Amino acid sequence: MNILEYIKDHTLLLDGGLGSLLQAKGLAAGELPERWNLTHPEVITAIHKDYFDAGSNLVCANTFGANLLKFSEEELENIIQAALVNAKNARAQSAGKQEKWIALDVGPSGKMLAPYGDLDFEDAVALFGKTVDLGAKYGADVIFIETMNDSYETKAALLAATECSDLPVFVSNAYGADGKLMTGADPLAMIAMLEGMGAHAIGMNCSLGPDALGPIVKEYLKYSSLPVILKPNAGLPQIKEGKTVYDIAPDAFAKSVGTWVEQGVRLAGGCCGTTPAYIKALAEELEGVKPRALEEKHYTCVSSYTHGVLFEKEPILIGERINPTGKKRFKEALRAHDIDYILKEGIAQEEKGVSILDVNVGLPEIDEPTMLTEAVTALQSVTDLPLQIDTADPVAMEKALRRYNGKAMVNSVNGKKESMDAVFPLVKKYGGLVVALTLDEQGIPENAEGRIEIAKKILNEAKKYGIDKKDLIFDPLSLTVSADGNAAKETLKAVGILKNEMGCHVSLGVSNVSFGLPQREVINSTFFALALQSGLSAAIMNPYSLEMMKSYHAFRALAGLDESCVDYVSFASTLTQAPAPVSTAASAAVLPEGQDGEGISPLQRVVGKCLKAEAAALTRTLLETKEGLTIINEEIIPALDRVGAGFENKTVYLPQLLMSAEAAGAAFDEIKNAAQKGVEHGCPVVLATVQGDIHDIGKNIVKLLLENYGFAVYDLGRDVPPEKIVEKTLELNAPLVGLSALMTTTVPAMEETVRMLHEKTPFAKVMVGGAVLTKEYADAMGADFYAPDAMAGVRFAEQVGALARQ
């Protein structure tokens, strides 16, 4: 039976952990487990067979870390071929009577993607693509992408899977205790993106036990139309009598996971700490349990790399200012390739309260595909708002959609066959919420009924591509009332029919209605209010228009969308203040001098807003009157502290933390270039990823932040033997060493390194971090400090540095 057909009516039982089982069989600290496919095939086969015998329907081959960053092309092919042979042999040898399939297991690359790291998105797609290609070649039944903690890397892996094979693709992400991925994505953001891109099942694995993952499971069950995956750990790791154990026993694990299956989880198994005994207990727990029917959810949603924006009762504001139409200064910026101008426009509109940014860079004389892609990528480095990719060029649209981190709005498609043939395949491949204009080869119908007919035609054509109406938002087009007195009336009528009779979402570019008239904002704001009353879901508008914002806040208060009118009262309190000039939106992003209302200097502000070029320019100006160390202590460190506090309070996410550190780095570079002394004022710090582990994301994040706090960081890289770490610590007399590990199989190497450091360098404090660690685990191995995140590492380094200076 086809596995996707099976999932429709059955719960699919997955396997459990592998690393700890291999360690028990003799896998050495730092040894790559994938090589055991070749050197110990009997061990791998036996473990797979034990899972099949326990009741697993789907077993993941031993390929979690199999990629070209670890192995040569020849060895990679040999490993994947052997891994699938071992799994097939296990399936053949198993006495289990259940349906059985084999998955190519695809884990993270261990590197962070640009702009936050050094791995380009297309290089990541190619990296995963090679692994997927070999998995398909040697007979995998499914591609199982798991333990991904970054939305962008998840997208790269899924894109590789769909482009390099026609196999079903399951995707599982690793969420932290805060309910988000390492780079900030919440469940809704991942659900929107992965559903849009065509994954066949989605969910979560690793990090936490089944109860701790409960809030995330609930989000998936609420919003996902796809089968939901749950592969939790057996609780939290602990060290007892020198061995790693987990705090949830098989029976308790099975009861907890079984409860989630009863509530709708369709694919269930285990991750770290689970064994065939856990899967056997789960199989027994689920015996006779009938799975809940899969339900199509009808939520309309777009997403960024941190969050989703739902189109429900609340009207959505889409900022229109990143568009050259009628904007001389913006056109000049595009011609001059002034990306910073675009970034400031985006930041300024975000501060005015829009939920989505429209991005249009179409000028005849520029390379639109390149510029649009660059603008989208750059904007996502300074704002976490979802973007609306606005272009009539299908080539530009595809390039931007491919690089976009999330599920974008797509502006636009229309009723012309040529348009639908070009746009719908892109939306089917990359996902998106498509703005559908109600015009076709005959133009824009004068009346509402004609526009509704075009909308129905678009709906029917979209259905042929598998695009549901929840992923279409119709624009019935506002035409100028100065040319046709009935224009606004017909548009409003179409809005009402689309929303209230057809159940479709509706968007409008509001300002077109007043073209050619004086005092346009009076017309625009009144039309906006009428459209909202008719059912308008979203408006592309100028957030600097005070009249438009008055209509928006008044409508929310009158429609019962603003509880106790709190937002309206807050907005009204600003009306007595001097309004910002409407024509200078971009300038609002950066204050020219002095302090803003919150006591933040211009340099602190631009560091917080991740504007590297602005940070460098302001630093050059400050160097004319201040010493470099003064700028560091009074400007850069306070700015980083402010962003760091936001990160610690979960109001700022990892990408913003990293990009603000990059902006601070640009300021530091100016100080260094001025040849002023005292730039590095912190103690030396040695960093390394422990032996056998090639995952250096966490280490690199800590390095970047420590350097920007003035520490002299000596990065030994990844897969570093304990002896080398000790040697460098002795050489530098470094008071602090930071160690990182991602995989359970490399924790013993971390323990050995900690032991050796304490023995050979008793003067050095050792901090540890990584996805597999907890404070209790770190304490048990003798570490001086457990860093749950990068900012915690910085705070500890500051303490150590202060003691070292005494």
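Residues numbered from 1 in each chain as written. Predicted model: local features only at pLDDT ≥ 70, side-chain atom pairs only at ≥ 80, totals over all residues. Heavy atoms only, no water.

Caption draft 1: Here's a closer look at the overall build of the protein chain. Secondary structure assignment for the protein chain yields 30 helices and 25 strands. Relative to a compact globule of 806 residues, whose C-alpha radius of gyration would be 28 Å, the protein chain shows 28 Å and is just as compact. If one aligns the C-alpha atoms of the protein chain with their principal axes, the spans along those axes are about 80 × 70 × 50 Å. Considering only contacts in the protein chain between residues 6 or more positions apart, those separated by 24 or more positions represent 75%. (Helix = DSSP H or I, 4+ residues; strand = E, 2+ residues; numbered from the N terminus. Rg over C-alpha atoms; globule rule 2.2 N^0.38 Å. Contact = heavy atoms within 4.5 Å.)

Caption draft 2: Spotlight on the sheet that holds strand 23 (residues 736-740). Within the open sheet, the 5 strands sit side by side as 22-21-23-24-25. Their pairing is parallel. Each edge of the open sheet carries a strand with a single partner, namely strand 22 (712-715) and strand 25 (785-786). As defined by bridge partners, strand 21 (residues 684-689) adjoins strand 23 across 5 bridges and the pair is classed as parallel. Pairing of Leu687 across the sheet is with Gly738, part of strand 23. (Pairing = 2+ DSSP bridges.)

Caption draft 3: Region of interest: the nonpolar core. Grouped together as the largest cluster of nonpolar side chains are 221 residues, with contacts concentrated most on Ile145 and Ile636. Sort the elements by how many residues they give to this core and helix 25 (residues 654-673) lands first, with 10 residues. Each residue touching Ile145, except ones within four places of it in the same chain, is listed here: Val106, Ala157, Leu158, Ala161, Val169, Phe170, Val171 and Ser172. (Core = buried A, V, L, I, M, F, W, Y, C linked by side-chain atoms within 4.5 Å. Buried < 20%, exposed > 50% of the residue type's maximum accessible area, 1.4 Å probe, protein only.)

Caption draft 4: Seen up close, helix 27 (residues 722-732). Looking at helix 27, one finds that the buried residues are Pro722, Ile725, Val726 and Thr729. Seen along its axis, helix 27 keeps its buried residues to an arc of 95 degrees; they face one direction. Exposed residues lying more than 90 degrees from the buried face of helix 27 are Glu727 and Glu731. Tucked inside the fold, the buried residues of helix 27 contact strand 21, strand 23 and helix 28 (747-760). Count one or two residues on from helix 27 and you reach Asn733, which has phi positive near 55 degrees. (Arc of directions from axis to C-beta.)

Caption draft 5: Structural detail: the environment of Gln238. Relative to the assigned elements, Gln238 resides in strand 8 (residues 237-240). Separated by 542 residues in sequence, Gln238 and Ala780 place their C-alpha atoms 7.7 Å apart. Sequence-distant contacts of Gln238, that is, excluding residues within four places in its chain, are made with Lys243, Thr244, Val245 and Asp247.

Caption draft 6: Looking closely at unusual backbone geometry. A cis amide bond links Ala114 with the next residue in sequence, Pro115, at an omega value of 10 degrees. Within the fold, Pro115 resides in the loop between strand 3 (101-106) and helix 6 (121-137). Put simply, Asn411 and Ser412 share a cis peptide bond, and its omega is 20 degrees. As for its position among the elements, Ser412 is in strand 16 (residues 409-414). Unusually for a residue other than glycine, Gln519 sits at a positive phi of about 45 degrees. With respect to the element layout, Gln519 can be found in the loop between strand 19 (505-509) and helix 19 (520-534).

Caption draft 7: Region of the structure containing the side chain of Ser740. Looking at where Ser740 falls in the secondary structure, it is placed in strand 23. In this structure Ser740 comes out as buried when scored by relative accessible area, which is 11%.

Caption draft 8: Fine view of helix 15 (residues 394-403). Ala396, Met397, Ala400, Leu401 and Arg402 are the residues of helix 15 that are buried. Packing partners of the buried residues in helix 15 comprise helix 6, helix 7 (151-164), helix 14 (368-379), strand 15 (387-390), strand 16 and helix 16 (417-430). Here helix 15 starts with a cap whose side-chain oxygen sits 2.9 Å from the backbone nitrogen of Val395, and that cap is Asp393. (Polar contact = N/O pair within 3.5 Å; in protein donor to acceptor, adjacent residues only side chain to side chain.)

Caption draft 9: Representation of the packing of helix 24 (residues 628-648) against helix 30 (residues 790-805). Viewed as axis vectors pointing N to C, helix 24 and helix 30 meet at an angle of 125 degrees, and their least axial separation amounts to 10 Å. In terms of orientation, helix 24 lies oblique with respect to helix 30. Note on element contacts: helix 30 touches helix 24 through Met791, Arg795 and Glu798, opposite Asp641, Gly644, Ala645, Phe647 and Glu648. (Axes fitted to C-alpha atoms, helices over the stretch in contact; angles between N-to-C directions. Parallel < 35°, antiparallel > 145°, perpendicular 65-115°, else oblique.)

Caption draft 10: Expanded view of the pattern of salt bridges. Under the counting rule described, the total for this entry stands at 45 salt bridges. Measuring nitrogen to oxygen at the nearest pair gives 3.6 Å for the salt bridge that ties Lys650 to Asp178. Note that Lys650 is positioned in the loop between helix 24 and helix 25 and Asp178 in the loop between strand 5 (169-173) and helix 8 (187-197), a separation of 472 residues in sequence. Note on Lys650: relative accessible area 43%, which makes it partly exposed. Overall, the relative accessible area of 37% leaves Asp178 in the partly exposed class. The shortest N-O distance in the salt bridge between Asp421 and Lys417 comes to 2.6 Å. With Asp421 and Lys417 both in helix 16 and 4 residues apart, the pair spans about one turn of that helix. A relative accessible area of 31% places Asp421 in the partly exposed class. Accessibility expressed as a relative area gives 54% for Lys417, which makes it exposed. Connected through shared salt-bridge partners, Glu122, Glu163, Arg402 and Lys429 make up one network. (Salt bridge = Lys/Arg side-chain N within 4 Å of Asp/Glu carboxyl O.)

Caption draft 11: Main features of the sheet that holds strand 6 (residues 201-205). Read across the open sheet, the 8 strands follow the order 1-10-7-6-5-4-3-2; overall the sheet is parallel. The sheet is open, and its two edges are formed by strand 1 (12-13) and strand 2 (58-60), each paired on a single side. For strand 6 and strand 7 (residues 228-231), the ladder comprises 4 bridges, and the chain directions are parallel. Looking across to strand 7, one finds that Gly203 is bridged to Ile229. Packed onto the sheet, helix 7 meets strand 4 (142-148) and strand 5 and runs at close to 175 degrees relative to strand 4.

Caption draft 12: The pairing of strand 18 (residues 472-475), seen in detail. Going residue by residue along strand 18, you find Leu472 and Phe474 tucked away on one face and Ile473 and Asp475 tucked away on the opposite face as well. The pairing of strand 17 (residues 433-437) with strand 18 spans 4 bridges and is classified as parallel. Each residue of the ladder has a partner; that of Ala436, found in strand 18, is Phe474. Read from strand 17 through helix 17 (residues 448-464) to strand 18, the crossover connection turns out right-handed. Examined bridge by bridge, strand 18 and strand 19 share 2 bridges and lie parallel to one another. Considered in strand 19, the bridge of Ile473 is made with His505. (Right-handed = clockwise from strand over helix to strand, strands pointing away.)

Caption draft 13: Expanded view of the packing of helix 25 against helix 26 (residues 697-708). Between helix 25 and helix 26, the least distance of the axes is 9 Å, while the angle of their chain directions is 40 degrees. When the axis of helix 25 is compared with that of helix 26, the two are oblique. As helix 25 packs across helix 26, the resulting crossing turns out to be left-handed. For the pair formed by helix 25 and helix 26, the contact residues are Leu654, Leu657, Leu658, Ala661, Glu662, Ala664, Gly665 and Phe668 on the first element and Ile701, Leu704, Leu705, Glu707 and Asn708 on the second. By residue class, the composition of the contact of helix 25 with helix 26 is 9 nonpolar, 2 polar and 2 charged. (Left-handed = near helix turned anticlockwise from the far one by under 90°. Nonpolar A, V, L, I, M, F, W, Y, C, P; charged D, E, K, R; others polar.)

By themselves, these observations are geometric and do not establish any function.
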